[in-house]
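Okay, here's what each chain looks like letter by letter:
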Amino acid sequence: ILNDKGYSVVGMFTIAAVFATLRAGYIAYTHGEEDFLWPLSGGAALINMWHGTPLKKMQSFKQRSTRYERSVFTIPDGDTTERHFIETFDLDSGSVYRTGSPRNEAITNKNLQNMANNIQQHYFKEIADTEAEILILFLPTYRSERSFWDSVDLEFVDANLPDGVEIFVKNHTHDDVFLSKDYENLHQMPRGLDVYSLLHRFDLLITDYSSVLFDFLHVDRPIILFRPDDDEYQHERGTYAHIDVMI
């Protein structure tokens, strides 16, 4: 679809990607060296846009700091966020720029919103076809020790939703647990779907510790923070600020 719209898109593990990486002056990425052909990127300046404003604690990358020393980081804003990145990635302050978050452009920029809507709805037609009056987005974050769904009675939720209300569930990218059956009012969103361009379609967000709660503030609609395992999560992973205090 992107190629049809005039963009040049190549698969990561292709000959075309090898040549593109070797010729690149800049490479923008959101996670780590697994995002691109790292061994071939020596001639490029690296820009890490990261993939969220951290609420949950990031693991330390100091032991892999050489992988990030060629990169500059862009962050939404704020002294606290900058400090977290400097400490986590063992950076100097000159490597962090407060530019705003590109992913939020898909929320606030109408032109990008329309283009992304067409692309996303091509892969996920349920959101375009629904006749529900109220759409709820459910985005739990990843838990390494257990599945979030162990804490939720989905059959009860599905059976007790009011008429005209539907919930769209999107797992974290690293969570391989999916809905175990088809429900009438619960819809599983595809694993690789980028939801940012679709946030404006939803009337309510349900999440827990995911940084999407900061992004959804741009939509200016209600957010429910559902944290049935808060004690366990704070012990296992923790957050930079307790949500009750932050709110």
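Bear in mind that the values here come from a model prediction, so they are computed numbers and not experimental data.

What follows concerns the packing of aromatic side chains. Following the criterion strictly, the structure yields 11 aromatic pairs and no others. Relative to tryptophan 38, the ring of phenylalanine 36 has its centre 6.0 Å away and its plane inclined at 55 degrees; by these criteria the two rings are tilted. On the accessibility criterion, tryptophan 38 (15% relative accessible area) is buried. Aromatic ring contacts, followed pair by pair, group Trp50, Tyr68, Phe73, Phe85 and Phe89 into a single cluster. Over the face of the ring belonging to tryptophan 38 we find arginine 70, whose NZ or CZ atom lies 5.2 Å from the ring centre.

Let us look at the sheet that holds strand β7 (residues 186–188). What the five strands build is an open sheet, ordered β7-β6-β5-β8-β9; its pairing is parallel. On the outer flanks of this sheet lie β7 and β9 (223–225), each paired with one strand and no other. Across the sheet, the mean angle separating the axes of adjacent strands is 20 degrees when strand polarity is ignored. Both strand β6 (residues 165–169) and β7 contribute to a ladder of three bridges, which runs parallel. From the neighbouring strand, phenylalanine 168 faces β7, where its bridge partner is histidine 187.

With that settled, consider the side chain of serine 41. Here serine 41 is to be found in the loop between β1 (26–29) and β2 (45–48). At 2.7 Å, the side chain of serine 41 and the backbone oxygen of tryptophan 38 are in polar contact. Excluding residues that lie within four positions of it along the chain, serine 41 makes contacts with Thr21, Ile27, Phe36, Leu46 and Arg70.

Here four strands make up an open sheet; going across it, the order is β1-β2-β3-β4 and the pairing parallel. The open sheet has two edge strands with one neighbour each: β1 and β4 (96–98). Across the sheet, the axes of successive neighbouring strands diverge by a mean angle of 25 degrees, strand direction being ignored. Where β2 meets strand β3 (residues 71–75), three bridges bridge the pair, whose relative direction is parallel.

So, on to the nonpolar core. With 19 residues, the main nonpolar core has Leu137, Met189, Leu199 and Phe202 as its most contacted residues. Here this core gets three residues from one element, more than from any other, and that element is strand β5 (residues 134–139). When neighbours within four sequence positions are excluded, phenylalanine 202 is seen to be in contact with Ile127, Leu135, Ile136, Leu137, Phe168, Met189, Phe216 and Arg221. Membership of the second largest hydrophobic core comes to 16 residues, among which are Tyr29, Trp50, Met58 and Ile75.

To continue, consider the pairing of β6. By the criterion of burial, β6 is predominantly enclosed, with five of the five residues buried. Of the two faces of β6, the one carrying Val165, Ile167 and Val169 and the one carrying Glu166 and Phe168 are both buried. Where β5 lies against β6, five bridges are found, and the strand directions are parallel. The partner of leucine 135 across the bridge, within β6, is glutamate 166.

The next point concerns the pattern of salt bridges. Taken as a whole and assessed by the stated rule, the structure comprises four salt bridges. Arginine 98 serves as the salt-bridge partner of aspartate 79, at 2.4 Å between the closest nitrogen and oxygen. Of this pair, aspartate 79 sits in helix α3 (residues 79–89) while arginine 98 sits in strand β4, and the two are 19 residues apart along the sequence. Residue class for arginine 98 comes out partly exposed when judged on its relative accessible area of 39%. Through salt bridges with shared partners, one network takes in Asp79, Glu82 and Arg98.

Calculation rules
- Residues numbered from 1 in each chain as written.
- Predicted model: local features only at pLDDT ≥ 70, side-chain atom pairs only at ≥ 80, totals over all residues.
- Heavy atoms only, no water.
- Phe/Tyr/Trp six-rings, centres within 6.5 Å; stacked < 30°, edge-to-face > 60°.
- Buried < 20%, exposed > 50% of the residue type's maximum accessible area, 1.4 Å probe, protein only.
- Lys NZ or Arg CZ within 6 Å of the ring centre and 35° of its normal.
- Pairing = 2+ DSSP bridges.
- Helix = DSSP H or I, 4+ residues; strand = E, 2+ residues; numbered from the N terminus.
- Axes fitted to C-alpha atoms, helices over the stretch in contact; angles between N-to-C directions.
- Polar contact = N/O pair within 3.5 Å; in protein donor to acceptor, adjacent residues only side chain to side chain.
- Contact = heavy atoms within 4.5 Å.
- Core = buried A, V, L, I, M, F, W, Y, C linked by side-chain atoms within 4.5 Å.
- Salt bridge = Lys/Arg side-chain N within 4 Å of Asp/Glu carboxyl O.

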